[in-house]
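Chain and residue survey
Below, each chain spelled out in residue letters.
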Amino acid sequence: MTVSRAAGTGPVLARALRILGAFSADHPAMTLSELARRTRLPVSTVHRLLAGLVEWGALERGDDGYYRVGLRLWEVGALAPRGQGLRERALPFLEDLSQITRENVQLAVREGSELVFVERIAGTGAVPVLTRVGSRFALTLTGVGLVLLAHAPVELQEEVLAAPIDRFTPCTVTDPATLRHMLADIRRSGFAVSDRQVTMDALSVAVPVHDARGAVVAAVSLVVRHGSVQAHSLVPLLRTSARAISRALAQPS
């Protein structure tokens with residue numbers, strides 16, 4: 001796929017990425033016309049680019065005429081070291097944490113001003129959550145997000161706090177001054193608590209995961225039903241798992 005420029009539409013590569021970026025959890029399958037509307041590109045342009053994306057395997061076209069993300073794209077994405085590599089090393093310890101607590105266990109990394117969930121294990125009978133592997137979320141809402149934001153560069157923190165913050169529940173913290181105090185507390189205590197910020201029945205507790213140099217590269221959390229346990233009681237278990245993951249990351253590949 002070349003990177004030539006067409007007047008008013010941008011480079012071919014940029015337009016192809018707009019098509020791939022149009023797919024989401026809410027829009028996992030779309031027709032040609034739907035993709036054209038979501039990308040705001042001409043139907044003829046989308047049709048031409050779709051042919052190349054399907055041929056390469058980034059997308060698949062079903063008998064129903066709908067386009068879906070292809071396995072080739074999944075194969076390439078699985079090579080991302082901050083995703084699959086981190087997940088593979090962390091998974092045994094996440095599974096242990098899940099078996100001990102029977103709660104939701106989550107592992108996330110920061111990607112720019114958002115977080116990406118690398119792994120999620122749903123506990124037996126655990127409170128339902130809105131997250132899924134590969135999904136993005138605001139850094140200000142969840143336990144893992146708050147941990148990652150607390151250890152992000154100051155410039156990025158200010159960028160996130162200056163932007164509008166969506167309110168999910170009456171408990172969602174949207175005040176920048178309050179969030180700054182929360183981030184300072186997280187850096188001081190070494191853990192974060194998100195209490196009913198995303199749904200009114202869920203409480204999230206998270207701690208950082210470090211690399212061999214001591215930098216925070218990920219965060220691990222437990223999401224439990226609000227009122228079922230004291231948040232502080234989950235911290236020792238989380239710290240034990242995070243230390244084990246950090247040690248695994250420090251081992252040679």
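Residues numbered from 1 in each chain as written. Predicted model: local features only at pLDDT ≥ 70, side-chain atom pairs only at ≥ 80, totals over all residues. Heavy atoms only, no water.

Some thoughts on the overall build of the chain
Each helix and strand in the chain was counted, giving nine helices and eleven strands. When its C-alpha atoms are laid out on the principal axes, the chain stretches across 60 × 40 × 40 Å. Every one of the 253 residues in the chain was classed for burial, and the buried ones make up 42%. Entry remark: accessible area of the chain is about 13300 Å², with carbon and sulfur atoms responsible for 55%. Side-chain charges in the chain split into 28 positive and 23 negative, and the spacing between the mean points of these groups amounts to 3 Å. (Helix = DSSP H or I, 4+ residues; strand = E, 2+ residues; numbered from the N terminus. Buried < 20%, exposed > 50% of the residue type's maximum accessible area, 1.4 Å probe, protein only. Areas by Shrake-Rupley, 256 points an atom, 1.4 Å probe, with all protein chains shown as cover. Lys, Arg positive; Asp, Glu negative; His and termini not counted. Charge placed at Lys NZ, Arg CZ, Asp CG, Glu CD.)

Quick look at helix α9 (residues 231-250)
With 20 residues, α9 should reach 28 Å at 1.5 Å per residue; the first-to-last C-alpha distance of 29 Å fits that figure. The largest bend in α9 is about 25°, located at Leu237. Listed as buried for α9 are Ala231, Leu234, Val235, Leu238, Ser241, Ala242, Ala244, Ile245, Ser246 and Ala248. (Expected span 1.5 Å × (residues − 1). Bend = angle between axes of the 7 residues up to and from the residue.)

Details of the pairing of strand β6 (residues 104-111)
When you tally the buried positions in β6, you get six out of eight residues, the bulk of the element. In this structure, β6 lies alongside strand β7 (residues 114-121), joined through seven bridges in antiparallel fashion. In the strand pairing of β7, Arg110 is matched with Leu115. What sits between β6 and β7 in their antiparallel hairpin is a turn of two residues, with Gly112 showing a positive phi close to 65°. (Pairing = 2+ DSSP bridges.)

What to know about the sheet that holds strand β8 (residues 136-138)
On the basis of which strands lie adjacent, the open sheet formed by six strands has the order β8-β7-β6-β11-β10-β9 and antiparallel pairing. Each edge of the open sheet is held by one strand with a lone partner, namely β8 and β9 (192-195). Sheet twist, expressed as the average angle between the axes of neighbouring strands with direction ignored, equals 35°. Note: β6 against strand β11 (residues 216-225), five bridges, orientation antiparallel. (Axes fitted to C-alpha atoms, helices over the stretch in contact; angles between N-to-C directions.)

Details of the pattern of salt bridges
Applying the stated rule across the entire model yields seven salt bridges. The shortest N-O distance in the salt bridge between Arg196 and Asp195 comes to 3.1 Å. One salt bridge connects Arg213 with Asp211, and the closest N-O pair in it is separated by 3.3 Å. (Salt bridge = Lys/Arg side-chain N within 4 Å of Asp/Glu carboxyl O.)

Comments concerning the sheet that holds strand β5 (residues 67-69)
Strand order across the open sheet formed by three strands is β3-β5-β4, with antiparallel pairing between neighbours. Taken across any chain shown, the strands that pair with only one partner, and hence form the sheet edges, are β3 (29-30) and β4 (59-61). As judged from the two bridges shared by β3 and β5, these two strands associate in the antiparallel manner. Counterpart to Met30 in the pairing with β5 is Tyr67.

Digging into unusual backbone geometry
Unusually for a residue other than glycine, Arg40 sits at a positive phi of about 60°. Structurally, Arg40 can be placed in the loop between α2 (32-39) and α3 (43-56). For Arg40, a relative accessible area of 75% corresponds to the exposed category. Although it is not a glycine, Arg196 adopts a positive phi angle of roughly 60°. Looking at where Arg196 falls in the secondary structure, it is placed in the loop between β9 and β10 (202-210).

Some details on the packing of aromatic side chains
The final tally for this structure, using the stated rule, is two aromatic pairs. Considering the side-chain rings of Phe117 and Phe137, the 6.3 Å spacing of their centres and the 70° angle between planes classify their relative orientation as edge-to-face. With Phe117 in strand β7 and Phe137 in strand β8, this residue pair connects regions lying 20 residues apart in the sequence. For the pair shown, Phe117 and Phe137 are each scored as buried. Considering the side-chain rings of Phe137 and Phe168, the 5.9 Å spacing of their centres and the 40° angle between planes classify their relative orientation as tilted. (Phe/Tyr/Trp six-rings, centres within 6.5 Å; stacked < 30°, edge-to-face > 60°.)

Describing the domain arrangement of the chain
Domain boundaries assigned for the chain yield domain 1 (10-76) and domain 2 (81-250). For domain 1 versus domain 2, the separation of C-alpha centres amounts to 32 Å. (Domains from an automatic or database assignment.)

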